[in-house]
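# Coordinates in review
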Amino acid sequence: MIRAHATKDELHVPQCFARSVIRQCVCARVSLLTVLEKSPVWITAMSVQAVAAKMAEVELKDVAVKDSRPAISPLTPKAEEKKSENNSSSSSSSSSSSAAAAGEPSPVAAAPNPVKMPQASAMKRSDPQQNGGEAFINCDGTVAEAPRMKKIQFADQKQEFNKRPTKIGRRSLSRSISQSSTDSYSSAASYTDSSDDETSPRDKQQKNSKGNGDFCIKNIKQADFGRREIEIAEQEMPALMALRKRAQGEKPLAGAKIVGCTHITAQTAVLMETLSALGAQCRWAACNIYSTQNEVAAALAEGGFSVFAWKGESEDDFWWCIDRCVNVEGWQPNMILDDGGDLTHWIYKKYPNMFKKIKGIVEESVTGVHRLYQLSKAGKLCVPAMNVNDSVTKQKFDNLYCCRESILDGLKRTTDVMFGGKQVVVCGYGEVGKGCSAALKAMGSIVYVTEIDPICALQACMDGFRLVKLNEVIRQADIVITCTGNKNVVVREYMDRMKNGCIVCNMGHSNTEIDVASLRTPELTWERVRSQVDHVIWPDGKRIVLLAEGRLLNLSCSTVPTFVLSITATTQALALIELYNAPEGRYKQDVYLLPKKMDEYVASLHLHTFDAHLTELTDEQAKYLGLNKNGPFKPNYYRY
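Owing to the predicted nature of the structure, the values given are computational and were not obtained by experimental measurement. (Residues numbered from 1 in each chain as written. Predicted model: local features only at pLDDT ≥ 70, side-chain atom pairs only at ≥ 80, totals over all residues. Heavy atoms only, no water.)

## Things to note about the sheet that holds strand β4 (residues 257-262)
Pairing in this open sheet of 7 strands is parallel, and the strands run β6-β5-β4-β7-β8-β9-β18 from one edge to the other. The strands lining the two open edges of the sheet, one partner per strand, are β6 (306-308) and β18 (591-593). For this sheet, the mean inter-axis angle between neighbouring strands, taken without regard to orientation, is 20°. Pairing of strand β9 (residues 385-387) with β18, which is carried by 3 bridges, proceeds in the parallel orientation. If you follow N387 over to β18, its bridge partner there is L593. (Pairing = 2+ DSSP bridges. Helix = DSSP H or I, 4+ residues; strand = E, 2+ residues; numbered from the N terminus. Axes fitted to C-alpha atoms, helices over the stretch in contact; angles between N-to-C directions.)

## Let's talk about the pairing of strand β17 (residues 543-547)
Across the 5 residues of β17, 4 count as buried, placing the element largely inside the fold. Strand direction decides the pairing type here: strand β14 (residues 503-506) and β17, joined by 2 bridges, are parallel. Among the inter-strand pairings, I503 is bridged to a residue of β17, identified as V545. Sheet analysis places strand β16 (residues 533-537) next to β17, joined by 5 bridges and oriented antiparallel. Bridge pairing links H535 to V545 in β17. What sits between the antiparallel neighbours β16 and β17 is a turn of 5 residues, in which G541 has the positive phi angle 100°. (Buried < 20%, exposed > 50% of the residue type's maximum accessible area, 1.4 Å probe, protein only.)

## A few points about the confidence of the model for the chain
Mean pLDDT over the chain stands at 79; residues scoring 70 or higher make up 69%. Predicted confidence is poor over residues 56-137, with pLDDT under 50, and the contacts of this stretch with residues over four places away or in other chains come to 96 contacts. Long-range and interchain partners of residues 149-196, a stretch whose pLDDT sits below 50, account for 44 contacts in this model, where long-range means more than four residues apart. (pLDDT = per-residue confidence, 0-100. Contact = heavy atoms within 4.5 Å.)

## Focus on the packing of aromatic side chains
Applying the stated criterion to the full structure yields 8 aromatic pairs. With centroids separated by 5.3 Å and ring planes inclined at 85°, the aromatic side chains of F563 and F610 adopt a geometry described as edge-to-face. With a gap of 47 residues between them, F563 in helix α22 (residues 562-581) and F610 in the loop between α23 (596-607) and α24 (619-625) connect regions that are remote in the sequence. Of the residues examined, F563 reaches a relative accessible area of 15% and is grouped as buried. Overall, F610 belongs to the exposed group, its relative accessible area being 57%. Put simply, the rings of F318, W319 and W346 touch in pairs and so form one group of aromatic residues. Lying over the aromatic face of W331, R283 brings its terminal NZ or CZ to 5.7 Å of the ring centre. Directly above the aromatic system of F465 lies the positively charged group of K441, at a separation of 5.1 Å from the ring centroid. (Phe/Tyr/Trp six-rings, centres within 6.5 Å; stacked < 30°, edge-to-face > 60°. Lys NZ or Arg CZ within 6 Å of the ring centre and 35° of its normal.)

What follows is the structure in structure tokens.
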């Protein structure tokens, strides 16, 4: 068989063979099909098109039949070698001699009316059975061994290629290649220095180019990569950049000392740098142990920010980083920006006296807001708090549109699953559940929804989804996604009944929705497949695929749309400005929603990206509706 990839010399064979076939057809008065049927399979396969092309060019009168050609007698190898030294013969006659020397009849001599074959380039072929041996395949299909030639080889080149991998070496190489390929599935294509993976950042002493070491990150050398990602994010965050440009002259956050605990991504970095441009000092930790982009954290540290976070923190590292942000000599926060409530909880637990100087809390997640309302109800909330999560711009854009796009990205990066025909259960039909369900339905999945709220349940039914209880469909589900913000939504009982290969993941903020702790028992085996992907194996061989150990899927395993995060980040910035500059007494020790006017302002800052043009009310129309021409246009009780 000829190799699948022909060399440059091999490409001459079809042309040579085409001319030979045409002449045989003319001289022997046989059909083209007869000649091709007797030809080697590999030659026929390569040459049919070439023969067809040549048939149009050759005419009968151009073919000269010469009967005077002498018969070719067999030669011994020595005689052949002597002959090749005395006169230079064509490649076709050399191949005939080689074939005769091998004891095979020459196809040209066997023909009743031999014709003179055109001289054509022979095809050089490497023999895989021999170490570097080469052979020439001639136009008539015979094979002649080519003389061995010495190749010049440099000393260092020889030394390098002599180091051939053993079987064990090849396996190691294979594993390293496989590992590097799976690393690409990590969050936001994080540039991770493998040489530093085993060393905890807490054990390193790092400083930026200015000699500042008040940070703890993976690797400060990754700052250049992070800076490029931040610059890309800035292009997709028009409102935040506009706010930075408009307000940096006034410095509305001058004197603010903000301690933050959010996802540390390129989008968060744009927010932090905007707060700094508006006059604030910032210290930051991560709210999720898997969502930090190490290169972005490095860029922030290089820029002078006190950042304490890296991808893959342990639980102990997580709380240590938060404490390093809060507990610092000569610096005390007066504003909190939280995502999940962990930072607020830590200060209440460890440093309650700090709340005497804190002016307010801005919280953006369902879990964190729930904790704030619990504190307020118990009378333990001692500062005003702004509920960003339930603002219109966060609820209707970040929760819905962000999750609608990022759920597919997270599942694809981690599992390479095909969605068409898969049976998916989405637990919860709030804005996050709506976004996930819509995306999966559009990809051809069969989507079931679980819900406790009859209003949301009715919305799911009207949107074409079947409302079920989880235990009714758990045996047939291919994918289970939690979007509730609650705890113990998927417990061990359900996971015991799941089918082999079921994918389990969480799109809610909290890692309590999936009872991961119940899976850490002696009878179950955990197998790490790739970054953020674990197989949990039962004694009978059944396994489920657990993503991000039950933590937030999209920010742990993929990325989220930057433009949508621009809406949320701008809302957070405005909430901080409002609370920090509010006169004493405007906000009491309670949880507040962002004023409607601010929601509308955030939305208007993003409209120019779409070249959108708002219609303005006339005086008569505004009077008829009882509205101000400049808004707000909806009452606080309006449901968008």
